Amino acid sequence: MTFKKITTGIPGLDEVLKGGLRENNSVLVSGGPGTGKSIIGMQFLIEGAKKKEKGLCLLYETKKEDYIAYAEELGLGLQKHIDSGMIEILQQPIVIKKISSLEAPLTIIKSGKIKRAVLDSLTMFSYIHVSDDRDYRKKILDFLENVRGVTLIATAEAAGPNLDEYNFRPEEFLFDGVIRLTKVRQEADFERVMHVSKMRGQEHEIKVYPFFINEGGLKIYPDQFPFSLVEGKEPKKEKKK
């Protein structure tokens, strides 16, 4: 059985995924603050726009104007794709313990014109729920069922700071794929790394890879090991006394 893969627009990630994301899969990108979760969503939508695949972004934590401004600061060119109509951004207003109806975005998705969707962030879904995890799981399953037919990336706060001491969250078992982003200490500095925890229905690499956020967005280095010297220089040897 064959299936179509779509490119993510994130340098290095498609190599890790051995060709890209499986079309119509749902992928959860989890990480702490400043790890690049939102940037992955931006680049994913922009890649789709370049390929004439319409995208929709649902914002829950960031103001629309701030989201666009951040993308422009990185030189991603998000605004021009919004102006052309290839990317639509909907900011969902939030009130205490409730979130606005999903009727409007789901209507857009079900129109059949949207090919890629980003939910930033899934963590805000927790503000809807005051009951147990089973109800939380059902809400997510209902949402995922309603967005079938599009390739979805959702962001979420990480359950733990370290990959080795990670606490799995209920939603991670519901998505087709899980990508984890974190920062690890490198002497006096910190290094950003990513790991594809799972990607249902397709092969993928399972190593931990370093990545950087610079002008142009996020770039993963699948040929490098974390903690290595990116410049390729050998460590300085201690001088003999």
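Preceding this paragraph is the structure being described.
Fair warning: this is a prediction, and the values are worked out from it, not measured in the lab.

(A) Molecular detail of the overall build of the protein. Helix and strand content of the protein: six helices and 13 strands. When each of the 241 residues of the protein is scored for burial, the buried share is 46%. Long-range contacts, defined here as pairs at least 24 residues apart, represent 66% of the contacts in the protein between residues at least 6 apart. Only carbon and sulfur atoms are counted for the fraction: they give 51% of the accessible area of the protein, which is about 13,400 Å².

(B) Inspection of the pattern of salt bridges at higher detail. Counted by the stated rule, this structure contains eight salt bridges. A salt bridge links Arg116 to Glu53; its shortest N-O distance comes to 2.8 Å. Of this pair, Arg116 sits in strand E8 (residues 114-120) while Glu53 sits in the loop between helix H2 (37-50) and strand E4 (54-59), placing them 63 residues apart in sequence. The pair formed by Arg116 and Glu53 is uniform in burial state, with each residue classed as buried. Two residues, Lys138 and Asp142, come together in a salt bridge whose shortest N-O distance is 3.0 Å. You can see Lys138 and its partner Asp142 sitting in helix H6 (residues 133-146), four residues apart, about one turn around the helix. Classification of Asp142 by relative accessible area gives partly exposed; the value is 33%.

(C) Region of the structure containing the packing of H2 against helix H3 (residues 64-73). Closest axis-to-axis distance for the H2/H3 pair is 11 Å, and the angle between their directions is 80 degrees. Judged by the inter-axis angle, H2 sits roughly perpendicular to H3. Each of Ser38, Ile39, Gly41 and Met42 in H2 lies in contact with H3, whose residues at this interface are Tyr67, Tyr70 and Ala71. A breakdown of the residues in the contact of H2 with H3 according to their chemical character gives five nonpolar, two polar and no charged.

About the thresholds
Residues numbered from 1 in each chain as written. Predicted model: local features only at pLDDT ≥ 70, side-chain atom pairs only at ≥ 80, totals over all residues. Heavy atoms only, no water. Helix = DSSP H or I, 4+ residues; strand = E, 2+ residues; numbered from the N terminus. Buried < 20%, exposed > 50% of the residue type's maximum accessible area, 1.4 Å probe, protein only. Contact = heavy atoms within 4.5 Å. Areas by Shrake-Rupley, 256 points an atom, 1.4 Å probe, with all protein chains shown as cover. Salt bridge = Lys/Arg side-chain N within 4 Å of Asp/Glu carboxyl O. Axes fitted to C-alpha atoms, helices over the stretch in contact; angles between N-to-C directions. Parallel < 35°, antiparallel > 145°, perpendicular 65-115°, else oblique. Nonpolar A, V, L, I, M, F, W, Y, C, P; charged D, E, K, R; others polar.

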